[in-house]
Structures are given as structure tokens and as C-alpha cells.
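Architecture at a glance
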Amino acid sequence: MALINEHFLKLPNNYLFSDIAKKVNSFKVIHPKKKVISLGIGDVTQPLPEAVRTAMYKAVDDLGKKETFHGYGPDQGYPFLIDAIIKHDYAARGIVIEPSEVFVSDGAKSDTGNIGDILRHDNSIGVTDPVYPVYIDSNAMVGRTGILDSGKWSNVVYIPCTAENNFIPDLPSRRVDILYLCYPNNPTGTTLTKNELKKWVNYALANDVIIMYDAAYEAYIQDPDIPHSIYEVKGAKKVAIEFRSFSKTAGFTGVRCGYTVVPKELNGFTLEGERVPLNRLWSRRQSTKFNGASYITQRGAEAIYSPEGKEQVKALTDYYMTNVQLIREGLAACGIEAYGGENAPYIWLKTPDGMSSWKFFEKLLYETHIVGTPGVGFGPSGEGYLRLTAFGDRDDTLEAVARLKRWLI
Ligand code: PLP
């Protein structure tokens, strides 16, 4: 008799986006002629940059010739991609990263979800609230989060980020061993300055905390004072793992590629107090359970760093940043309080008249046929907020803003 991992039974039945899809589908059944505009799920809509496609075509041709054929690739990723990552994402910002500290993967969701494999089940975790749900659910699956009671897990420290504290999290009120930070933030679209990030790194250094730093939206940073990497802060290599993704940077949500940096000087501890480098454990974990992103994918990712690739990626992120600005301005004209969207592709709006997130979601869907994401789906502090994304098509975004104005002004 095979026994199951009963921690799975503690997870709430539905993933947020399935709930939303169900509600949208029932709306469509009742109103088949209405055009629904989705500013809900964070998937991109614009095509892959030409430089990426050209590199991928060429990679397919490589695989078609005996002399340039590639089978299984190196465990951590091809040196051509790792070198490009180090040169453009780190060395260019004065950060020293060694090739053996970079692990190319199929994206940040897998890595942020799998990283817990190398840490004991009874560490306590801290998250900023609202939060990207993968951090919590992946920990819940191994029993690290305790018991779910009234929307909160007993072994998770929730650090509220709301308009009241300007979305700047306070240091946790009780001890955490692992802390998840995501900046630019999904869902709030807000950022931390280097000084604010320094506070977290120093806290982690002083308390032997490991920071899981998710920088999936780094490419959207416009303000020169906002750090792109946690390693811009001195000492961060001793305490932080950084996750990056090509999904939102270069339209790779369907291609699948990202990477994770696990510095050599970052240690965890055995129960006896012996220090163990996490780089060694993650390398062992990946080489056992992951067989690499494809050669074609990695060639495509490498092309992002070419001069044309950089230009095309900038055009792509500019496109979405124009969308986000249109949404921001539209909401301001409607008198809706909204946050984020300056260095991130997300807008976090406060629901009018203290309406609940789900109530506002339904009103928005039924009265304007726009789909957002109810803030409470990202955690208790998301109640009373709703997330809109900039990843829609321009015409749809303009139409959504016009509908909002007709509805609210
Ligand atoms: N991290 C955050 C904060 C995200 O919002 C997302 C995707 O929405 C991911 C990671 C997943 O990225 P990837 O497509 O690389 O798996």
C-alpha cells in the first residue's frame, strides 16, 4: 500500500487562477457576445524578439548536423549562456559571480518551488503578504508551513505590505529561518530601494536567515536607484539565493528558461551546527532531478544579451510599461487609489468603498467585462485590493481603460 504525502491534503483545493477561470467561464456562458478583456493572469501577449527566434532557428539547424548536434547539456547550463548572464546581469553592475554559482533552469517557478528540497522540513518561513503563492504552497507540500487556519498557515510569518506602510515590509515579529522577498513585487508592483534592501540583508546576516530573492521582474526597473540584484548589497552573497526568469523579460513564458544564483559563500547548517554550502546541495539536487533547459532554449536566451537582442527586449518591456502607465493614468482619472506600475508591470489598486477583493472582481467582470486578480488570493493583506497586469495587448489595454472611465467617471 503506497501512502501519500498527506501534506498535499492540507492545501486549499483550488489554485487562485482556476477559481478565476471558472468565474470568467460562467460569465461567458451567460454573455457569449460580450468581449472579455483579461488583465488578470500574468502571461505575456507579445511575440518573441526576432534575435531570439533567429538564434533558436540556428540552434535547430545545429541539432540537424552531426558535427554540431547536442544531446544532454551540462548540468548547470551551457557556458555560453552562463557567461552571458554573468557578464551582462552581474559584472556590468559590479557584482562578481562565478560560473559555478549560476544554475540555468526552465524558469523561476520551478526553482522557487524546488529550492526547499535542500532545506529541512522544520525551518520556519517568512513571506511578505500579499505574496506569489508558489512560495507558500511549495513549502506546504513538505509540511513546512504547519496548519492552514482562517487563511493563514501556522508556521508562516506573514509580513504585511499595505498602503498603510507604503508596501515596505517591517522586519518579522518572530524568528524566521527562510525569508522570501520578491522585488519588483508580484502582486503589488512595488519596489525596495537599496537602503531598504540593505536592512533585510543585515537582518539576515545577523540572524542566520536565508533570503530567497525573486527578481523575475528585474527588467522592468526604470528608476536608477532601485537595485536589480540583491547582490548589489554588500554581504548579500552570504545570505541570499537569487532567482531570475526570462519569461517576462523576453516573452519566454512558453519557451521556459530562467536561472538561479547560489553563491559559494552561502551556508546552511546541520543540526550539530556544521556549516554546509548550499551551492553544493543545489548542484546535487539539480543534477539528480533536472536534465537542463534545451540547447535551443539556451541559445535563444543567450541572444537576449546580443546588441540587437537587448534593443528588442527593451522595446518589449517598454511596450508593457506603456500599458501600465495607461492603466495608472486611467485609474487616477477615475479617482481609484492605485500603487505599483512604476518599476513593474503590475498595478495594485485599492477597491472603492472598502469593497472586498472578490466583490470588486465580480463587479468589474459583470459591469465592464474586465478580468483582474482579487488581491486576497495572494494572502490576507491583499484583501481590499485587486491586481491588474500590463501584459495585455495595447488595443485591449486602451479599451479596458476606456471602459473603466465610462464606468467610474
Ligand atoms: N516569480 C514570480 C514572482 C512570478 O510572478 C512568476 C510568474 O508569474 C514566476 C516567478 C515564474 O516565472 P517562470 O515563468 O520563469 O517560471
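Our structure's up above, just so we're on the same page.
The sections below set out a description of the structure shown in this document. The structure displayed is predicted, hence computed values, not measured ones.

Glancing now at helix α2 (residues 50-63). With 14 residues, α2 should reach 20 Å at 1.5 Å per residue; the first-to-last C-alpha distance of 20 Å fits that figure. Taken together, the buried positions of α2 are occupied by A51, V52, A55, M56, A59 and D62. Along the axis of α2, the buried positions cluster into a sector of 130°, meaning they face one direction only. In this fold, the buried residues of α2 make contact with α9 (295-303) and α10 (307-333).

The local shell around the ligand holds 14 residues, among which N186, D214, Y217, S245 and S247 are the closest. The side chain of K248 places a nitrogen or oxygen atom 2.9 Å from an oxygen atom of the ligand. Within the complex, the protein chains bury 91% of what would otherwise be the 400 Å² of accessible surface of the ligand. Of all the secondary-structure elements, those providing two or more residues to the shell around the ligand are α4 (108-114) and α7 (247-250).

What follows covers empty space enclosed by the protein. Scanning the model with the defined rule gives two cavities of 30 Å³ or more in all. Considering only enclosed or pocket space, the largest cavity measures out at about 40 Å³ in volume. As for the largest cavity, its lining consists of L331, I336, L349, F360, L364, I370, L388, L404 and L408. Listing elements by their share of the lining of the largest cavity, those giving two or more residues are α11 (357-368) and α12 (394-408). Each residue belonging to the lining of the largest cavity can be placed in one class, and the counts come to nine nonpolar, no polar and no charged. Put simply, the second largest cavity is a space of about 30 Å³. T128, P130, C161, F167, Y183, N185, T188 and T190 together form the lining of the second largest cavity.

Reading the values: rules and limits
- Residues numbered from 1 in each chain as written.
- Predicted model: local features only at pLDDT ≥ 70, side-chain atom pairs only at ≥ 80, totals over all residues.
- Heavy atoms only, no water.
- Helix = DSSP H or I, 4+ residues; strand = E, 2+ residues; numbered from the N terminus.
- Expected span 1.5 Å × (residues − 1).
- Buried < 20%, exposed > 50% of the residue type's maximum accessible area, 1.4 Å probe, protein only.
- Arc of directions from axis to C-beta.
- Contact = heavy atoms within 4.5 Å.
- Near = heavy atom within 4 Å.
- Polar contact = N/O pair within 3.5 Å; in protein donor to acceptor, adjacent residues only side chain to side chain.
- Areas by Shrake-Rupley, 256 points an atom, 1.4 Å probe, with all protein chains shown as cover.
- 1 Å grid on protein atoms, 1.4 Å probe; cavity = no way out; pocket = protein on both sides within 12 Å on 5 of 7 lines; lining within 4 Å.
- Points joined across faces, edges and corners; volume = space filled by probe spheres on them.
- Nonpolar A, V, L, I, M, F, W, Y, C, P; charged D, E, K, R; others polar.

Remember that the coordinates give geometry; whether it matters functionally is a separate question.
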